[in-house]
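Examining the three-dimensional arrangement
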Amino acid sequence: MAARAPLIEIFDSVQGEGRFVGQPMVFVRTATCPIRCAYCDTPHSYEAPPAFEVRARGRVLAEPNPTSAERAVELVGQVVDRASWTASLTGGEPLVFPAFVAEFARAARRQGSRVHLETAALDPHAMREVVDVVDHVSADWKLPGTLADRGDWRAQHLGCVEVAALAGRSIDVKAVLTNDVTDAAFDDMLVRLGPFVRAIVLVLQPVTPFGAVQERCSSDQVLRRLDAAIAAGFDARVVPQTHRVLGVD
């Protein structure tokens, strides 16, 4: 049977985060997420609606949930007018539906397009199911103090990074910085990621105030974190959410 997943939306925009910031990209947002980040700016993705929006410049279509991977690729083709495209599978959490991710990626790449996976990096086993068919992985590292449920996912994060690195994928590891992040928590992340220092780009993202987090991270904290990451040997970059600045999705 064809793999299916509930979606929130499909839309064409520009990448607002990480090393590919500013590049045109079509986003396929899956529904549901196992965790709750204090700063989450997509709480509407927690539950799947009966139908999801497909926003093709100037018009909005409604598609029933759940949808097949093959249909999702067809819809992307309706949204973009480029011969080849890059799709970002985001969420929610795409790795809740690894079979859908894998089928979508295979179909898209057969057309000559690229697939980026944006994940909270919670499931190394699911990552193993998809890593050979995606082109790039953007994996979150949820620092203690940023999760509303106070969970600890560091072992899972590291497992996902290891799977992607062994597969030779390009990898961004994104850490959102808030004023609640301690030096100890940040330094612990650098130590744990140490074995993969040459394999990843470490993206430090100052929080965009939203939900329970209403304060920006101080510039002093951001610069101290950047200095610490560079001193530890990382290719580290401070990249805020530029799509919020531009006022696009």
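For the structure itself, consult the block above.
A brief report on the enclosed structure follows. Counting restarts for each chain, with residues numbered from 1 along the sequence as it is written. Given that this is a predicted model, residues contribute local features only at a pLDDT of at least 70 and side-chain atom pairs are listed and counted only at 80 or more, while totals for whole chains, interfaces and linings are drawn from all residues. Values reported for side chains reflect all heavy atoms of the structure, with hydrogen atoms and water molecules removed beforehand.

Regarding the overall build of the chain
Quick note on the threshold: Helix and strand definitions follow DSSP, with helices as H or I runs of at least four residues and strands as E runs of at least two, each counted in order from the N terminus. Put simply, the radius of gyration uses C-alpha atoms, and a globule should come to 2.2 Å times the residue count raised to 0.38. Throughout this description, buried means an accessible area under 20% of the type-specific maximum (1.4 Å probe, protein chains only), exposed means over 50%, and partly exposed covers the range between. Any two residues having at least one pair of non-hydrogen atoms within 4.5 Å are treated as being in contact. Method for areas: the Shrake-Rupley scheme with a 1.4 Å probe, in which residue coverage is limited to the protein chains shown. Charged-residue counts in this description rest on Lys and Arg as positive and Asp and Glu as negative, His and the chain ends being excluded. A charge is said to be at NZ when it belongs to Lys, at CZ for Arg, at CG for Asp and at CD for Glu.
Within the chain one finds 7 helices and 12 strands. For a compact globule of 249 residues, the expected C-alpha radius of gyration is about 18 Å, and the chain comes in at 17 Å, within 12% of that figure. Each principal axis of the C-alpha distribution contributes one length, and for the chain these read about 45 × 35 × 30 Å. The burial tally for the chain puts 54% of its 249 residues in the buried class. Pairs at least 24 residues apart make up 71% of the contacts formed inside the chain by residues separated by at least 6 positions. Entry remark: accessible area of the chain is about 10900 Å², with carbon and sulfur atoms responsible for 52%. In the chain, the 26 positive side-chain charges and the 31 negative ones have mean positions that sit 3 Å from each other.

Quick notes on the pairing of strand E12 (residues 235-238)
Note the following rule: When DSSP locates at least two bridges between a pair of strands, those strands are taken to pair.
Bridging between strand E11 (residues 200-206) and E12 involves 4 bridges; their strand directions are parallel. Of the residues in E12, the one forming a bridge with Leu202 is Ala236.

As for the pattern of salt bridges
Spelled out, the test is: By definition here, a salt bridge exists when the distance from a side-chain nitrogen of Lys or Arg to a carboxyl oxygen of Asp or Glu is within 4 Å.
Under the criterion given, the structure shown has 18 salt bridges. Note that Asp152 and Arg154 form a salt bridge whose closest N and O atoms lie 2.8 Å from each other. You can call Asp152 partly exposed: its relative accessible area is 47%. We note a salt bridge from Asp220 to Arg224, for which the minimum N-O separation is 3.3 Å. In this pair, Asp220 and Arg224 both sit in helix H6 (residues 219-231), 4 residues apart, roughly one turn of the helix. The partly exposed category is assigned to Arg224, whose relative accessible area is 36%. Here the residues in one salt-bridge network are Glu9, Arg29, Glu53 and Arg55, joined through shared partners.

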